[in-house]
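# Secondary and tertiary structure notes
Here are the chains, one letter per residue:
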Amino acid sequence: MSDPKTYEVERSFPPYYLEHREESCRSGVFKMGDRPIWLLQGLAGFSVNSILIEGKDGLIVYDTGVSLEQGQAIAAAIKEISDKPIKDVIYSHHHADHCNGTDALITPEQAASGEVAVIAWETFEREHADENRVVGTIMGLRASFMYGAFLGPEEQSYTGLGGSFFGSQGSFIPPNQVISQDTEMEIAGVRLELFRTGGEASSEIGMDLPDYNTVVIADEVYPSLANLYTLRGAKFRDAGRWASASDRVLARDNVDLLLGCHMAPIEGAEQIRHVLTTYRDSIHFNHDQAVRLILQGATPDELRERLNELPESLDMAPYTRPMYGHVAANAAAQFTGYLGWFAGDATTLAPTPGPERARRMVALAGGREAVLAAGEAALGESDAQWAAELAALLVTLDPSDTGARRLKAAALRTLGYAQLNATWRNWYLSGAKELDGEIDLTAIAPMARAMLYQPELGAAAILDGLKYAVDPQIAGDQQILVGIDVTGPDSSESFDLRLRNSVLTVIEDAATAQSRLTISIDDLARVVAGLVDLAQLLDDGSVTVTGSQEDARDLFAALDTHPAAPTFHVK
């Protein structure tokens, strides 16, 4: 085999991409006219906004930012505005970029004592746990591709909704007050109503400030087509609820200022009505037309082919341009949301495994050299998609095939540079770097897992991660009950772990198991993160056991705390 060919792909940007980036990445502290309301927009270079309302004797903060770093920038800005204490923190929803700066604004002790109310919708903590713990590792890696976290400075150009979505450290404080229905309240003399929208996230709530003719609507409106499907992955997003958020605002009287967490203010009743009417119609068009085609038997692939742009009447820059959401992806998501993964063709119920299918397809096409040549020809004829698909067969057949990997990388770069949607562009370009060997997920995944399972998470949440580590090939039909006493700096907690039918159950506040191990919360976090094996801690005496040490060893031996790293483009 000759030396693999190299391909030069010139970096480029669609013109509107650059215009949108310039508009969306602005930051600063802005007072909303004569209202005691400030928009803290994209501070410290991050993507999300925080909203501050000053009351008679205290402050209300709606969303706290992406990270401790942004929270610190928000706190500094607030000190310049007012020396009044923060009375309430309101979380718009459970996504990490909206609640990860709290520790810079208030202390955990203030929240625990109720001195500061931390308010959220009733499903907030469950959804936060599902997204940030249950599938947190894989979702974090996917988000890194989506937002270009692994791209160099020359490529890391834009996230689609302003600045960065990543900070080095989160500082989340759980809510201490939840609401389960639309709720009117008065805080520091400020009348407000919190109302559920629940489209972009099921826990999403908006805020109406009737005395100031102002509504805050978090992520249900922003300067892009609604992202009904996100490449990082999320639970099914309800298009009807998302669109109804605009309807909820339109039904309110005298609203002449609309604020959001990823956008500049929209001012004037007429402009608000124009934007929201078009925005909600764009969501309904995307959803309703997808359902129309689904009822005709269209598959997800066919939906992406047949429904990939809005009609001209719904093109309203920037609010319905496909900079963050994408018509085709939104359409396909409706199929999986309503009908699941099966598109109806029985040949897809138990298809030929990927590597075997690739082997047969390559043989049918005349072998590796013929497929590679066809891919190169397609790239030269400006058909980068077909070039990528052909190269993908060879990479699946042999992940170490450098020539095929380089061809696929060049094709992905070509597609990425032509892409208007920022998250798609980032994914294409990240995929190219993965193929070039510049992104090693086998090294990154363990670090992501270690970041997820920190002692601050708490023993119950850390142990919950073990449920997804059971290896049925090892666990088999073993039945083991082991107690675990987790010691912290100031207290200890007791749990029972039951392994049965290759299913691990964590029983809180239990101490019935005769075999019990005692472990510090720091060591527990290290074990679950895969940084150290329990057997090692048993051998060096860091973990002690009463009763059968063999039971503890057998149970933890059945847990795969060193899972294989995912790959996205080398498989």
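Everything below is about the structure printed above this text.
Residues numbered from 1 in each chain as written. Predicted model: local features only at pLDDT ≥ 70, side-chain atom pairs only at ≥ 80, totals over all residues. Heavy atoms only, no water.

### Quick look at the nonpolar core
Formally: Side-chain atoms within 4.5 Å link the members of a nonpolar core, which is a set of buried Ala, Val, Leu, Ile, Met, Phe, Trp, Tyr and Cys residues. Throughout this description, buried means an accessible area under 20% of the type-specific maximum (1.4 Å probe, protein chains only), exposed means over 50%, and partly exposed covers the range between. Where helices and strands are cited, they refer to DSSP runs of H or I of at least four residues and of E of at least two residues respectively, numbered from the N terminus.
Membership of the largest hydrophobic core comes to 67 residues, with the highest contact counts inside it found for L258, Y279, I283 and L379. Here this core takes eight residues from helix α12 (residues 384–397), the largest share from any one element. With 37 residues, the next largest nonpolar core counts A469, V506, L537 and A558 among its residues.

### Here's the deal with unusual backbone geometry
Omega for the bond connecting A317 with P318 falls within 30 degrees of zero, at -5 degrees, which places this linkage in the cis form. Within the element layout of this structure, P318 appears in the loop between α8 (300–306) and α9 (327–339). The phi dihedral of A218 is positive, around 50 degrees, even though this residue is not glycine. As for its position among the elements, A218 is in the loop between β11 (214–216) and α6 (239–250). On the basis of relative accessibility, which here comes to 0%, the residue A218 falls in the buried class.

### A look at the sheet that holds strand β5 (residues 86–90)
This is how the line gets drawn: Being paired, for any two strands, means DSSP has found at least two bridges between them. Here the axes come from fitting lines to C-alpha atoms, over the contacting stretch only for helices, and the angles between their N-to-C directions go from 0 to 180 degrees.
Ordered in space as β1-β2-β3-β4-β5-β6-β7, the seven strands form an open sheet in which the pairing is mixed. Strands at the two margins of the open sheet, each flanked by one partner only, are β1 (28–31) and β7 (177–179). Geometrically, the sheet is characterised by an average inter-axis angle of 20 degrees between neighbouring strands, direction not taken into account. Pairing analysis gives four bridges linking β1 to strand β2 (residues 37–41), with the strands arranged antiparallel.

### Comments concerning the sheet that holds strand β12 (residues 257–259)
If you walk across this open sheet you meet the six strands as β8-β9-β10-β11-β12-β13, and the pairing is mixed. Strand pairing shows two members of the sheet lacking a second neighbour, β8 (183–187) and β13 (266–267), which therefore form its edges. Across three bridges, the pairing between strand β10 (residues 205–209) and β11 is antiparallel. Bridging across to β11, L209 finds its partner in T214.

### Observations regarding the pattern of salt bridges
Quick reminder of the rule: What makes a salt bridge here is a side-chain nitrogen of Lys or Arg within 4 Å of a carboxyl oxygen of Asp or Glu, nothing more.
Taken as a whole and assessed by the stated rule, the structure comprises 28 salt bridges. Of the charged contacts, one joins D301 and R304 as a salt bridge, the two residues approaching to 2.2 Å between their closest N and O atoms. Highlighted residues: D301 and R304, both in helix α8, separated by three residues, approximately one helical turn. One salt-bridge network, held together by shared partners, links R126, E127, D130 and K235.

### A look at the pairing of strand β17 (residues 516–520)
In this structure, strand β14 (residues 480–487) lies alongside β17, joined through five bridges in parallel fashion. Residue G483 lies in a different strand from β17, and its bridge partner there is R516. Bridge count for β17 against strand β18 (residues 544–546) is three bridges, and the pairing is antiparallel. Opposite T518, over in β18, you have T544 as the bridge partner.

### Section: the state of the cysteines
Heads up, the rule is: Put simply, a disulfide is two cysteine sulfurs that come within 2.5 Å.
Scanning the model with the defined rule gives zero disulfides in all. In this structure C25 is not part of a disulfide, and its nearest cysteine sulfur, from C261, lies 16 Å away. Here C25 falls in the partly exposed class, since its relative accessible area comes to 37%. Free of any disulfide, C99 has its nearest neighbouring cysteine sulfur in C261, separated by 11 Å.

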